[in-house]
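Structural features, examined
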Amino acid sequence: MTGYFGRQPFLLGPLGGLQEVECTPTVGRTAERPTSDLITLGGDRYVQQAARAPREWDLSLTPWSEPTIARWIAAAAQGLLGEVWLLDVAAARANMLAPEFTAGRTGTRIAVDGVPLCPLAAGTVAQVLLLPSTSYRVSGVTTAANSAALGSIVTKTAGGGTVATTNLTAPATGGGTARAFTSTITTGSTVAYATLAISSAVVAGLRVAQAVSGTTFADASGWLAGEATPCRVQVVDPERTLQLLRAGHGQADYSVTLREVGRAGTL
Amino acid sequence: MGAVSEPQATISADTGAGATPLEVTGWEVSRDLTGGALPGQVRAVSGFSVGTGRVRFRQGDGATPWRGGPVKPGQACAIDAAADVTETAAAVARMRIRAIGAGSALSTERTADIEDQVDGLRAPVQIPPTLAPRDPVGSPSIDAAWAIDRAVRQAGFRMTAEPVPSAIFAAHRCGSTLAEVSSWVDMTGAAQWDTDLDGRIYAAGTRADTYRMTSQVEVGGSFYITMTIANLASPPLAQMYFVLANGPGVALFRIQPTSIWISMATGSTTGPIASVPIALGPSGQVQMQVERLSATQWRFRARTDPAAAWSSWATPAAGDSRPEPVDFFWMDGPLRGVQIHTADDPRVWLPNPTARIAAANSPLSAVIVDGATPAWDLAQQVAGSTLGALWIDEAGSAVFRNRDQIRGLGTAAPASVVAESSVEDLPWSISSDDVADRVEVSYTPSDVQSVTNYSLTVWQSTDVVAIGAGKTVTIYAELEDAVAFDLASWLPVWDTTTAPAGRWSRWAASTQRDGGGAQPPSTALTVSSTLVSPSRIRLRITNNTAGTLYTAGADGTSQITIRANVVVRPSEAVTLATGKSAELALNPLQVSLGAWVQDGDVAQSVLSWLWGAVSAPLPVLDQVRVVPDLSIRLGSIRTLRDPSITGLVAKVLVVGTILTGAPGSLVQTLRLAVLDVLEGDLAALFDLRSLATEANVATYYTSLGAATEGDLATLLPAAALA
C-alpha cells in the first residue's frame, strides 16, 4: 500500500525482504560519535573521537492507522524477523556506502568533485545491500593509467551465490590525472547484496547511488558523502497512542525508534 | 597527534587458532616501578614491575556466560594501540589472561584480567657456582648482569639463542666470557662490559679470550659460526683467530657490521684478505659457513637471515701449511651469542630477542647462588643491589636498565614534554619522609683464595666413620659460607712422596678404633669427592679390604681432609657512609647491597647516587595526564618543561603508566619521578658553552644572572636542561 504520501522514504526488513514503512514526514536522524576531551595546562583542547557514529531514527507511522501498518515493526522489535535492515531512500540516492569506504586516510589527496580526498587502500572490500530489479550507479575518481583495472562489483543472492560481476576500469584517456569513472548496474530479481572490491590504490570518492526510478538518478554526476544505508538496526518496541476504536481494528498513532547497530560495510 | 584524532587499538587473544581479534568495549593496562625498601622518590631503584590490565570484550557465542568460550584463562593476549589513525600502532601489552568473568547472565560482555607472563621465572634459578677469570690487572671479569641474564633466560627471555645440539663452541657473552659449550682457556687485555645502543650488554675494552672447541676441525671439514654484533655507533673491530695448540696461527676472521674479512696466517703475520659484504638486520645476527679447503686455505661465505641467499665465497690467498686439526681460537670484540656448530640448525637464529639487559657495572669475582631462589627474586635482588631497574616491557621483553641509564646519564638530550601544550595538570607532592640525612651502604666482597698446589683446606671431618669390609659409605660435607672449586684428588695421610703433607685431600684408615694396629695399605680406601651444590660435597668412601676399617689416624682422631685449589668465602661486609655521623643522624638510610656488589668503586658510586637522590626532597608527580604519546613508556626519560606556570625544568623518569582505552578515547596517565641534575649534565653544559677555565665559568654564572650561590641552585639546572 503506497498510500497517500507516495513512495515511502524508508524500507525495513530482513535480508532480501525489505518492505516499505509508511511514515509521516519529518523524520529525525541523530548521530552520536563517542568523543573524549583533554584540555592542557595552557588551555589547548585535544579531542579524540571514535571511528564511527551510530545513528538513530525516530519514525512516526501514518496517523490513525490500523495494526497492519505496524505489524512489520512489531515483529522486528520482538526479534521474529532476525537481523533487520533499514534502507533510507534519500540517503541511498546520495551514496549508499559507509563513509570509511568512500575515501582513505593516508596518501596523496585526489580532487573529487572539488573535495580533496585520500585514496582508498588497495584491497578495500565493502558489502552493500541492494534491492532486486533496481538500477545502481557506481562511480568514483581515479588517477590510474588509461583503462587500468580498478576493481569489481559482484551482485549476489541472499544465500551468497554470485549473480553478475561488473568490472570497474579507469577511463581510456587522461591517464595520470584525476578523472571520474562510472558504471551502472541493474540488479536481477534474486539479488540481495553486492560486494564491491577495489584493487587499485588510487581510487577516491567512491559512490554507489540508487536510481530514483528506472535508470534515472537523482543527479547526473558528482560525489556525495557516504550514508551507510541499508544498515542493521535495532527496532525499539513501537509506541502506540490509541485514537479510535469502532467496529474493526482500533486506529492508533504508532511511533518507533530505530537504532543503528553492528558495523556498516559487512554482512 | 593532531588536535582531533581517532585513537585505534587492536586486541587479540591466542585461542589456539592463532591470534584472534577481539571486539573490545574497553581496556586498561597499568605498569609501575616500585621502589622496594627505598624511599618514594627513588622509586626507580630496585624497580620491579609486572604489568596488569583488564579487557572488556564481547563474546557473543551464547547466552550462558559461564560456558567456556573460545577465549579462556591462560591464553596470550596482545594489545597494540595508536593515538591516531595515521600513526603506526605501538605494542602496549603482551600479557596472559589470568581470569575471565561476566557481570550478568544476560550480558555478552566478558571482562578478562590480564597480567605479564612471568610464570617461568618462579622456578628456582639454576646458576652454577662460578669463579670469574681475572684479567692481567686483576679485575674480575663477570658483570652482575650475567646473573640477571641467566635468571630470565630460563623463562624464555633471551638476548642470544641457546646452544644448539651440534655446537662445538657456544658462549653467550652477556656479562661473562666463559663458554657454555667447550672450555674457556685464557684471557688477555682489560675486562670491561658496556651497554650498546639497543640497551644490551656487550664485551667492551681490549679483552681477548682464548677458547678450545669440544671437537677439532680437520682439513676438508666445515662448520658454521653464528654471532650477534652489538649495535654501536662506531663499533670496534671484532676478530676470531683460529690457532694451533702450540701457538702458530691458522686463519683470522675480522668482523664488522658491514663486512667480514678472512686472511690466512703467513709467518708471524697474516696475508691478503678476502672479504664479503653483509647487511645486518635489526637483530644484528650473522652466520658464516667456513670450510677448510686444504692445509693452506680456508674459505667462507655469510648470510644474515636463514631465508636469505648466501653471499659468494671469499677465498683468501694461501697461507702457511697447517695440516693439523684445529680446536683453539681466540676472540675479541663486541660479539654476543657466538656459536660454532657443525650442522645448519634453524634454532641458532633469534630474529626477535626477548630481553634487553644492560651492563650492571658491578664486577664480581665469584657468583654463588642458593639453588632454591626463584629466578625472578634473584634477578630483582641483583637489580636492587646494583640500583638498576628490572621490568617486563610493553612488547613482552625483560628489560634491565642500570643505575646510570635510570638517571638519564649518557642519553642524548631527552625529548621534551612541554606542560603547557601536552599535559593536563601537574599535581605534585614532596615529603620530608623521603629525605635522609645519612646514607650507609654495605657490600660484601668475596674472599677468593687461589693456589695451584691443592693446599687450601676446605673441610675436616670431626667424627670417625666405620666402614665394613667391601662396603661404601656416603658422607655429605657441608661447607659453611665457602665454595670450593677444583677439588683435589685423594691420598692417604701417610703418603708424603706423591705430594708433601698439607697438600691434596687426605684420608686415614686404621684397623682399630683408637688408631692402633697395623697401617692398612695405601689402596685400602677409595675416596671420591664431588661438589653437589655450592656448599655441599659428597664423599664416597669404599673399603677395599677384607676387614672393617675406621677413618681414624694414628692419634685416634678422624683424619679426612678435603682440599682444593680455589676457595671462595664472603668476606666481612664493608660499610661506606656519607652525611651526618651515626649519633646525630635522625633519618638514616641503610642499604645492604649483599654479594652483588663486590667492588669498592661500584659501592662508592652507588653511595653517591643514593646521597644525591635522598639528600634533598625531589617531587613526585602522580596522575599526570598527557596528550597520548605511545613512545613514552615505563622507564622513559623526558625533560619536563613548564615555563609559564610552575617554572619547572627537570629531567623526569616515568615510573608508572596507565593506558585506558574506551570508545573514542585513549587516556595516558603517568607517574613521574623528578631526577637530579647530574655532574654529567653540567659537564655537557660547560662543553657546549666552551667554558674551559674558572674565569670562563665565573663569567658564565654572572651572565645567567646569579648573584649568590643560592641563585645558582635554581639557574644552573635550568640552563643545563635547556
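Note that the structure is a prediction, hence the values are computed from the model and not measured.

1. A closer look at the overall build of chain B
Helices and strands together make up the secondary structure of chain B, namely 8 helices and 51 strands. Taken along the three principal axes of its C-alpha coordinates, chain B extends 95 × 80 × 75 Å. In chain B, buried positions account for 49% of the 722 residues. For chain B, contacts bridging at least 24 residues in sequence account for 71% of all contacts bridging at least 6.

2. Here we look at the overall build of chain A
The secondary structure content of chain A amounts to 2 helices and 19 strands. Oriented by its inertia axes, the alpha-carbon framework of chain A measures out at about 70 × 60 × 30 Å. Long-range pairs, those at least 24 residues apart, make up 72% of the contacts in chain A between residues at least 6 apart in sequence. Summed over its atoms, the accessible surface of chain A is roughly 12600 Å², and 51% of this surface lies on carbon and sulfur atoms. Where the 19 positive side-chain charges of chain A centre and where its 18 negative ones centre are 7 Å apart.

3. Some words on the packing of helix 1 (residues 145-153) of chain B against helix 2 (residues 375-385) of chain B
Residues and elements named next belong to chain B. Interaxial distance between helix 1 and helix 2 falls to 9 Å at its minimum, and their mutual angle equals 160°. As summarised for this structure, helix 1 and helix 2 are arranged roughly antiparallel, according to the angle between their axes. In the packing of helix 1 onto helix 2, the handedness of the crossing is left-handed. Facing helix 1, whose interface residues are Ala147, Ile148, Ala151 and Val152, helix 2 presents Ala375, Leu378, Ala379, Val382 and Ala383.

4. Some remarks on the packing of aromatic side chains
The relative placement of two aromatic rings is captured by the distance of their centres and the angle of their planes. Residue and element names in this part refer to chain B. The tally for this structure, following the rule as stated, stands at 14 aromatic pairs over all chains. Seen in terms of ring centroids, Tyr454 and Trp504 are 6.3 Å apart; in terms of plane orientation they differ by 70°. Their pairing is edge-to-face. With Tyr454 in the loop between strand 35 (446-450) and strand 36 (456-460) and Trp504 in the loop between strand 40 (490-492) and strand 41 (505-507), this pair connects stretches of sequence that are 50 residues apart. Look at Tyr454 and you get partly exposed, because its relative accessible area is 22%. A network of ring pairs unites the aromatic residues Phe169, Tyr211, Phe223, Phe242, Phe253, Trp298, Phe300 and Phe329 as a single cluster. For Arg536, the ring lying beneath its charged end belongs to Tyr476, and the centroid distance is 4.3 Å.

5. Comments concerning unusual backbone geometry
Excluding glycine, residues mostly have negative phi values, and the peptide bonds linking residues are mostly trans. Residue and element names in this part refer to chain A. Across the junction of Thr229 and Pro230, the peptide omega takes the value -5°, indicating a cis bond. Here Trp64, not a glycine, exhibits a phi torsion of approximately 55°, which is positive. Position of Trp64 among the secondary structure elements: in the loop between strand 6 (55-60) and helix 1 (71-78). Looking at Trp64, the relative accessible area reads 45%, which means it is partly exposed.

6. Observations regarding the sheet that holds strand 23 (residues 285-292) of chain B
Residue and element names in this part refer to chain B. If you walk across this open sheet you meet the 5 strands as 12-26-17-23-24, and the pairing is antiparallel. Two strands close off the open sheet at either side, each with one partner strand: strand 12 (167-171) and strand 24 (298-303). This sheet shows a mean twist of 15° between the axes of neighbouring strands, independent of strand direction. Examined bridge by bridge, strand 23 and strand 24 share 6 bridges and lie antiparallel to one another. Looking at strand 24, one finds that Met288 is bridged to Ala302.

7. Some points on the environment of Glu709(B)
Residue and element names in this part refer to chain B. With respect to the helices, strands and loops of the structure, Glu709 is situated in helix 8 (residues 709-720). For Glu709, a relative accessible area of 71% translates into the label exposed. Sequence separation of Glu709 and Pro140 is 569 residues, and the distance between their C-alpha atoms is 43 Å.

8. Overview of the sheet that holds strand 13 (residues 162-169) of chain A
Residue and element names in this part refer to chain A. The strand order across the open sheet built from 4 strands is 10-15-12-13, with neighbouring strands paired in antiparallel fashion. The open sheet has two edge strands, strand 10 (124-129) and strand 13, and neither has a second partner. Within the sheet, the average angular offset between the axes of one strand and its neighbour, ignoring direction, is 20°. With 7 bridges joining them, strand 12 (residues 149-157) and strand 13 adopt antiparallel strand pairing.

9. With respect to the pattern of salt bridges
Residues and elements named next belong to chain B. All told, the structure shown has 34 salt bridges over all chains when counted by the stated rule. As a salt-bridge pair, Glu162 and Arg158 come within 3.2 Å of each other at their nearest N and O atoms. Taking the relative accessible area as the measure of exposure, Arg158 reaches 27% and is therefore partly exposed. Between Asp320 and Arg322 there is a salt bridge; the shortest N-O distance is 3.5 Å.

10. Thoughts on the pairing of strand 23 of chain B
Residue and element names in this part refer to chain B. The buried count for strand 23 comes to 8 of 8 residues, which makes it a mostly enclosed element. Side chains of strand 23 alternate between two faces, with Gln285, Gln287, Gln289 and Glu291 and Val286, Met288, Val290 and Arg292 buried alike. Of the pairings in the sheet, the one linking strand 17 (residues 222-229) to strand 23 comprises 7 bridges and is antiparallel in character. Within strand 23, the position partnered with Thr226 by the bridge is Gln287.

11. So, the environment of Asp687(B)
Relative to the helices and strands, Asp687(B) resides in helix 6 (residues 679-688). The sequence separation of Asp687(B) and Ala245(B) amounts to 442 residues, and the corresponding C-alpha distance is 51 Å.

12. Some thoughts on the pairing of strand 6 (residues 52-58) of chain B
All names here are of chain B. Covered by surrounding structure in strand 6 are Gly53, Val55 and Phe57 only, the residues Thr52, Arg54, Arg56 and Arg58 on the alternate face being uncovered. Bridging between strand 4 (residues 23-32) and strand 6 involves 7 bridges; their strand directions are antiparallel. By the bridge assignment, Val24 is partnered in strand 6 with Phe57. Here strand 6 pairs with strand 9 (residues 109-116) via 7 bridges, running antiparallel. Bridged to Arg54 within strand 9 is Asp113.

13. A closer look at the interface of chain B and chain A
Each partner contributes to the interface: chain B provides 27 residues, whereas chain A provides 19 residues. When chain B packs against chain A, the two sides together hide about 1800 Å² of surface, and 56% of this comes from carbon and sulfur. Here chain B is connected to chain A by 1 salt bridge. Of the charged contacts, one joins Glu6(B) and Arg105(A) as a salt bridge, the two residues approaching to 3.0 Å between their closest N and O atoms. Summed over the shared surface of chain B and chain A, the number is 9 residue pairs in polar contact (both at pLDDT 80 or more). Counting residues per element, the ones that place at least two in the side of chain B that touches chain A are strand 1 (4-5), helix 4 (419-422), strand 48 (620-626) and strand 51 (665-675) of chain B. Counting residues per element, the side of chain B that touches chain A draws most heavily on helix 4 of chain B, which supplies 4 residues. Each residue belonging to the side of chain B that touches chain A can be placed in one class, and the counts come to 14 nonpolar, 7 polar and 6 charged.

14. Considerations on the confidence of the model for chain A
Scored by pLDDT, chain A has a mean of 90; 98% of the residues are at 70 or more. Here residues 1-6 of chain A is a poorly scored stretch, pLDDT under 50, and it has 7 contacts once near neighbours within four places are set aside; other chains count.

15. A few points about the confidence of the model for chain B
Residues and elements named next belong to chain B. Mean pLDDT over chain B works out to 86, with 94% of the residues at or above the 70 mark. Taken together, the stretch residues 36-41 has pLDDT below 50 and engages in 19 contacts with residues farther than four places along the chain or on a different chain. Low pLDDT, under 50, characterises residues 43-47; the stretch is placed with 29 contacts to residues that sit more than four places away or in other chains. With pTM at 0.83, the complex prediction returns an ipTM value of 0.81.

16. Here's the deal with the side chain of Thr229(A)
Inspection of the secondary structure puts Thr229(A) in the loop between strand 16 (203-210) and strand 17 (231-235). Excluding residues within four positions of it along the chain, Thr229(A) makes contact with Leu86(A), Leu87(A), Asp88(A), Ala91(A), Ala92(A), Met96(A) and Val128(A).

17. Considerations on helix 2 of chain B
With 8 of 11 residues buried, helix 2 of chain B lies mostly within the body of the structure. In the stretch just after helix 2 of chain B, Leu387(B) is the one whose phi turns positive, near 60°.

About the thresholds
- Residues numbered from 1 in each chain as written.
- Chains lettered and ligands numbered in written order.
- Predicted model: local features only at pLDDT ≥ 70, side-chain atom pairs only at ≥ 80, totals over all residues.
- Heavy atoms only, no water.
- Helix = DSSP H or I, 4+ residues; strand = E, 2+ residues; numbered from the N terminus.
- Buried < 20%, exposed > 50% of the residue type's maximum accessible area, 1.4 Å probe, protein only.
- Contact = heavy atoms within 4.5 Å.
- Areas by Shrake-Rupley, 256 points an atom, 1.4 Å probe, with all protein chains shown as cover.
- Lys, Arg positive; Asp, Glu negative; His and termini not counted.
- Charge placed at Lys NZ, Arg CZ, Asp CG, Glu CD.
- Axes fitted to C-alpha atoms, helices over the stretch in contact; angles between N-to-C directions.
- Parallel < 35°, antiparallel > 145°, perpendicular 65-115°, else oblique.
- Left-handed = near helix turned anticlockwise from the far one by under 90°.
- Phe/Tyr/Trp six-rings, centres within 6.5 Å; stacked < 30°, edge-to-face > 60°.
- Lys NZ or Arg CZ within 6 Å of the ring centre and 35° of its normal.
- Pairing = 2+ DSSP bridges.
- Salt bridge = Lys/Arg side-chain N within 4 Å of Asp/Glu carboxyl O.
- Buried area = accessible area lost by both parts, 1.4 Å probe.
- Polar contact = N/O pair within 3.5 Å; in protein donor to acceptor, adjacent residues only side chain to side chain.
- Nonpolar A, V, L, I, M, F, W, Y, C, P; charged D, E, K, R; others polar.
- pLDDT = per-residue confidence, 0-100.

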